[in-house]
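Take a look at the letters that make up each chain.
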Amino acid sequence: MTEQSDDVIVKTLSRLLIPFMQIYALYVIAHGHYSPGGGFQGGVILGASIILLVITYGLDNTLRRMTERLNTILCSAGVFIYGGIGLLCLILGGNYLDYAELDQILHVGVAQARSLGILGVEVGVGLAVMAVMISIFFDISTGGLPSEKIEGLKD
Amino acid sequence: MEVTILVHATDESFKILEDARERARQVLDTAARLTSETQSVHRKRVEEIFKGARQTKAEVLKFVAAFLIMFGFWLLLSGHYDLFHISLGVLCCGLVSHSSQDLLFANPRAGDMRVIVKRFFTYVPWLIYQIAISNLHVARLALSPSMPIDPEIITFKTKLESDISMVTLANSITLTPGTITIDVKDGVYYVHAVSKKTAEDLMTGEMEDKVAHIFMEADHVYVQDVLDMSPIFGALRKI
């Protein structure tokens, strides 16, 4: 079990840092089609912000904010967005993840459709990567048991 | 015989009167209790409405403040100022401010944020000046052949209250050459000082006073804040 840190400096600075980390992660995801970065990198930074919260504020406080249930839903949603956009292109008559076909439902021009398709896929990848990172860390810090069971044992 | 009947009747009538009085008292008691209960329930409801309104207002204010800070950071990073990217930014900042506003403003004090920011930016030049002075001192220690160092660990109890002010002081001490904050535990600072002079400079408590002044804590709460925050008193001070 990861306990709450008792160092006031570490706790305060990470508390102030985490919102900025999350904004930076979302910036990396949202600008992935213009500049370096994208879903994987942004997702890892988002996951790192939650992992920092676990390290400094302890697992119990983090689970109150980010439950394992929500984490699993986000993980599945990310994979679903990625696969869904790919399949949508397939259904519209192109290859898997052939974003140009999205033009038929978005009506914005082929280049713009490709850009939006990439953004959508990156959001999906970001969510999935973040949730998997957090899930791995939760598993390590609880010893693989579901968090509900750990809390039951503590009471 | 008649006398006993009379006495009996009198007894009976007294008993009935007693009963009636008892019942009347009970009714009155119940009425009074019900009234006070209704009143207290009513008062409690009004209090809850007021408290709820105050809490909602504070939460909305926190959300707006967090959103503005986050959006400023986003604009600094982004560099694409078209409608699409700005709207993405609004969405992301809304999400993060919603989920992390309690992290950013964990213990808001009853201080004016503008005053704190203003004082902080007047504190930074003073800190830089202190760093420069200590730098020269440590350079002289390092360059003199006899190396007149006298390392020691000093502890002092701080008068600061909030975590953010403690962190500001701890990092200011660490930034100043010659002194390093080792640990802060329960309001006690453990500081390593490289020579007598740096330790004495720290023990005068000037830096602590300045930090307390920024965050309006300890003995800086009353006089100075009233002077700084209300224009009327400011005008009076000038006279």
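Throughout this description, residue numbers start from 1 for each chain and increase along the sequence as written. Labels are handed out in written order, letters beginning with A for the chains and numbers beginning with 1 for the ligands. Only residues with pLDDT of 70 or above have their local features reported here, since the model is predicted, and side-chain atom pairs are shown and tallied only from 80 upward, although totals for entire chains, interfaces and linings are computed over all residues. Side-chain numbers come from the whole structure's heavy atoms, not from hydrogens or water.

Asks: Could you give an account of the overall build of chain A, with specific residues and numbers?
Replies: Counting its secondary structure elements, chain A contains six helices and zero strands. When the helices and strands of chain A are read in sequence order from the N terminus, they spell out α-α-α-α-α-α. Expressed as lengths along the three principal axes of its C-alpha atoms, the size of chain A is roughly 55 × 30 × 20 Å. The burial tally for chain A puts 45% of its 155 residues in the buried class. Contact between two residues is taken to exist if any of their heavy atoms lie within 4.5 Å; hydrogens are not considered. A separation threshold of at least 6 residues defines the contact pool for chain A, and within that pool the share at least 24 residues apart is 63%. For chain A, the exposed area adds up to about 7,700 Å²; of that, 66% sits on carbon and sulfur atoms. As used throughout, the charge tally considers Lys and Arg to be positive and Asp and Glu to be negative, leaving His and the chain termini uncounted. Charge positions come from single atoms, namely NZ of Lys, CZ of Arg, CG of Asp or CD of Glu. Here chain A contributes 8 positively and 13 negatively charged side chains, and the mean placements of these two sets differ by 7 Å. Runs of H or I in DSSP of at least four residues are treated as helices and runs of E of at least two as strands, each being numbered from the N terminus. Burial here depends on accessible area, computed with a 1.4 Å probe over protein chains only, as a share of the maximum for the residue type. Under 20% is buried, over 50% is exposed, and the range in between is partly exposed. Accessible surface area values rest on a Shrake-Rupley calculation with a 1.4 Å probe, where residue burial reflects the displayed protein chains alone.

Asks: Any details on the overall build of chain B? Residues and values, ideally.
Replies: In terms of helices and strands, chain B carries eight helices and three strands. Taken from the N to the C terminus, the helices and strands of chain B come in the order α-α-α-β-α-β-β-α-α-α-α. Looking at the 239 residues of chain B, the share that counts as buried comes to 30%. Counted over contacts in chain B with a minimum sequence separation of 6, partners at least 24 positions apart contribute 67%. Working note: accessible area of chain B is about 16,200 Å², and carbon and sulfur atoms make up 67% of it.

Asks: How would you explain the pattern of salt bridges if you had to name every residue and give the values?
Replies: Residues and elements named next belong to chain B. By definition, a salt bridge exists where a carboxyl oxygen of Asp or Glu is found within 4 Å of a side-chain nitrogen of Lys or Arg. Under the criterion given, the structure shown has seven salt bridges over all chains. One salt bridge connects Arg25 with Glu22, and the closest N-O pair in it is separated by 3.5 Å. With Arg25 and Glu22 both in helix H1 (residues 2-78), this residue pair falls three residues apart, about one helical turn.

Asks: Pulling in residues and values, what's your account of the interface of chain A and chain B?
Replies: Across the contact, 24 residues belong to chain A and 29 residues belong to chain B. Carbon and sulfur atoms supply 75% of the area buried between chain A and chain B, which totals about 2,500 Å² over both sides. By definition, the buried area sums, over both parts, the 1.4 Å-probe accessible area that each loses when the two are put together. Of all residues in chain A, Arg15, Phe20 and Ile23 of chain A bury the most surface against chain B, accounting for 25% of the area lost on that side. For the pair chain A and chain B, the number of links is two salt bridges. For Asp102 of chain B, the salt bridge is made with Arg65 of chain A, and the minimal N-O distance between the two is 2.8 Å. Among the secondary structure elements, those contributing two or more residues to the side of chain A that touches chain B are helix H1 (8-30), helix H2 (39-65) and helix H5 (110-142) of chain A. Considering each element in turn, the side of chain A that touches chain B owes the most residues, 15 residues, to H1 of chain A. Nonpolar residues are Ala, Val, Leu, Ile, Met, Phe, Trp, Tyr, Cys and Pro. Charged residues are Asp, Glu, Lys and Arg, and all others, Gly as well, are polar. A class-by-class count of the residues in the side of chain A that touches chain B yields 16 nonpolar, four polar and four charged.

Asks: Outline the sheet that holds strand S3 (residues 188-193) of chain B, listing residues and values.
Replies: Residue and element names in this part refer to chain B. Read from one edge to the other, the open sheet built from three strands follows the order S1-S3-S2, with strand pairing classed as antiparallel. Each end of this open sheet is capped by a strand with a single partner; those strands are strand S1 (152-157) and strand S2 (179-185). Pairwise comparison of adjacent strand axes, ignoring direction, gives a mean angle of 25 degrees for this sheet. Here helix H5 (residues 196-203) sits on the sheet in contact with S1, S2 and S3, set at roughly 5 degrees to S1. Note on pairing: two strands pair once DSSP finds at least 2 bridges between them. Only C-alpha atoms enter the line fits that serve as axes; for helices the fit covers just the stretch in contact. Angles between N-to-C directions range over 0 to 180 degrees.

Asks: A description of the state of the cysteines should follow, citing residues and the corresponding values.
Replies: Disulfides are defined as cysteine sulfur pairs within 2.5 Å. All chains considered together, the criterion is met by zero disulfides over all chains. Note on Cys92 of chain B: no disulfide assigned, nearest cysteine sulfur contributed by Cys93 of chain B at a separation of 6.7 Å.

Asks: A description of the confidence of the model for chain A should follow, citing residues and the corresponding values.
Replies: The predicted model of chain A averages 87 in pLDDT, with 93% of residues at 70 or higher. Every residue gets a pLDDT, meaning the predictor's confidence in that residue, from 0 to 100. Across chain A, helix H3 (residues 68-91) of chain A holds the top mean pLDDT of 93, while helix H6 (residues 147-154) of chain A sits lowest at 56.

Asks: Account for H2 of chain A, with residues named and values stated.
Replies: Taking 1.5 Å per residue as the helical rise, H2 of chain A with its 27 residues ought to reach 39 Å, whereas the 23 Å between its terminal C-alpha atoms falls clearly short. Most pronounced at Gly58 of chain A, the bend in H2 of chain A amounts to some 125 degrees. Expected helix span is computed as 1.5 Å times (number of residues minus one). To obtain the bend at a residue, axes are fitted to the seven residues ending there and to the seven starting there, and the angle between these axes is taken.

Asks: How would you sum up the pairing of S3 of chain B? Please name residues and give values.
Replies: Residue and element names in this part refer to chain B. Sheet topology places S1 next to S3; six bridges connect them, and they run antiparallel. Looking at the pairing, Glu152 lines up with Ala193 of S3. In the sheet, S2 pairs with S3 via six bridges, with the strands oriented antiparallel. Looking at the pairing, Lys185 lines up with Val188 of S3. Once S2 ends, the chain turns through two residues before running back antiparallel as S3, passing Asp186 with a positive phi of about 50 degrees.

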